[in-house]
Amino acid sequence: SAVISQKPSRDICQRGTSLTIQCQVDSQVTMMFWYRQQPGQSLTLIATANQGSEATYESGFVIDKFPISRPNLTFSTLTVSNMSPEDSSIYLCSLGSGSSYNEQFFGPGTRLTVL
Amino acid sequence: AQKVTQAQTEISVVEKEDVTLDCVYETRDTTYYLFWYKQPPSGELVFLIRRNSFDEQNEISGRYSWNFQKSTSSFNFTITASQVVDSAVYFCALSEGTGNQFYFGTGTSLTVIP
């Protein structure tokens, strides 16, 4: 299985600022996904990030708020922009092989607290 | 409509008891995949099992077992002789054959009391 790392593992940020979360994979993957898990809640898909194309956002998420980069097949970033306390969540990246047969593996997550 | 339903929000059991976590799913696809993940207090998601829609054989892995029944659209997870280290939130998830998106249930928080 692929090894996925995320930076930072946790952060406490002030309202109105932005945070960029990095996701690094030790092998080349076609599709990467970003999820949000609000406190006590399940996981919600934010967007799908394919290398070389614009990310595809799910309903309720927009690029201005959650810009994503995917510069190569092993790396992606998610930025949480103009943060508010409602953005306090765990943000997780995961990877897939392009078919739903994949065992979707998740990174360790980034715990974000917005004051 | 919720594609994955985990009706049990919280469960507490005493150590060594058996516990079953329920998962009911909804899909119109004939090809789909079901998953269970464990999320301990540290927050990472640990993959436990994947089952495709064409394989209804039950599976056992140590103290863990899974019962997949297409007739009732259920994919239940049983922990035998529970241990304190089993305390975590467990998520059931569905991936349909038409896409890559995973649909997660709301999770069941399991507490094993020593």
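Now for a look at the structure at hand. Everything quoted here is computed from the prediction, not taken from an experiment. In every chain, residue numbers begin from 1 and rise along the written sequence. The order in which chains are written sets their letters, starting at A; the order in which ligands are written sets their numbers, starting at 1. Per-residue local features are limited, in this predicted model, to residues with pLDDT of at least 70; the limit for side-chain atom pairs, both in listing and counting, is 80 or more; totals at the level of whole chains, interfaces and linings are taken over all residues. Each side-chain value is worked out from all heavy atoms of the structure, with water and hydrogens disregarded.

1. As for the packing of aromatic side chains
Any two of the Phe, Tyr and Trp rings considered here, Trp counted by its six-membered ring, make a pair once their centres fall within 6.5 Å; the pair's planes then place it as stacked at under 30 degrees, edge-to-face at over 60, or tilted in between. Within the structure shown, the criterion is met by 22 aromatic pairs over all chains. Considering the side-chain rings of phenylalanine 35 of chain B and phenylalanine 47 of chain B, the 6.4 Å spacing of their centres and the 65° angle between planes classify their relative orientation as edge-to-face. Here phenylalanine 47 of chain B lies in strand E6 (residues 46–52) and phenylalanine 35 of chain B lies in strand E5 (residues 32–39), a separation of 12 residues in the sequence. Ring-pair connections join several aromatic residues into one group, and the members of that group are Tyr35, Phe105 and Phe106 of chain A together with Phe35, Tyr37, Phe47, Phe91, Phe102 and Phe104 of chain B. Over the ring of tyrosine 103 of chain B we find lysine 3 of chain B; its NZ or CZ atom is 5.2 Å from the centre of that ring. Each helix corresponds to a stretch of at least 4 residues labelled H or I by DSSP, and each strand to a stretch of at least 2 residues labelled E; elements are numbered beginning at the N terminus. Two conditions define a charge located above a ring, namely a distance within 6 Å from the ring centre to NZ of Lys or CZ of Arg, and an angle within 35 degrees of the ring normal.

2. Concerning the state of the cysteines
Residues and elements named next belong to chain A. Criterion for a disulfide: a pair of cysteine sulfur atoms within 2.5 Å. Taken as a whole, this structure holds two disulfides over all chains when the rule is applied. Each disulfide pairs two cysteine sulfurs, and for cysteine 23 the partner residue is cysteine 93, the sulfurs being separated by 1.9 Å. Of note, the bridge from cysteine 23 to cysteine 93 carries an S-S torsion of about 70° and is right-handed in sense. Note that cysteine 23 is positioned in strand E3 (residues 19–25) and cysteine 93 in strand E9 (residues 89–96), a separation of 70 residues in sequence.

3. Topic: the pairing of strand E11 (residues 110–114) of chain A
A regular strand places its side chains so that they alternate between the two faces of the sheet. Residues and elements named next belong to chain A. The classification of residues rests on relative accessible area computed with a 1.4 Å probe and restricted to protein chains. Under 20% of the type maximum is buried, over 50% is exposed, and intermediate values are partly exposed. A one-sided burial pattern is seen for E11, the buried positions being Thr110, Leu112 and Val114 and the unburied ones Arg111 and Thr113. Alignment of strand E2 (residues 10–13) against E11, held across four bridges, turns out to be parallel. What sits directly across from cysteine 13, in E11, is valine 114. A pair of strands is labelled paired if DSSP reports no fewer than 2 bridges between them.

4. Some points on the pattern of salt bridges
Residues and elements named next belong to chain B. Any carboxyl oxygen of Asp or Glu within 4 Å of a side-chain nitrogen of Lys or Arg constitutes a salt bridge here. In this structure the tally under the stated criterion is five salt bridges over all chains. With a shortest N-O distance of 2.9 Å, glutamate 96 and lysine 3 are connected by a salt bridge. Of the two residues, glutamate 96 sits in strand E10 (residues 88–96) while lysine 3 sits in the segment before strand E1 (4–5), which places them 93 residues apart along the sequence. The exposure class assigned to glutamate 96 is buried, which follows from its relative accessible area of 10%. For lysine 3, a relative accessible area of 24% gives the class partly exposed. Two residues, glutamate 59 and arginine 51, come together in a salt bridge whose shortest N-O distance is 2.9 Å. Salt bridges sharing common partners tie together Arg51, Asp55 and Glu59.

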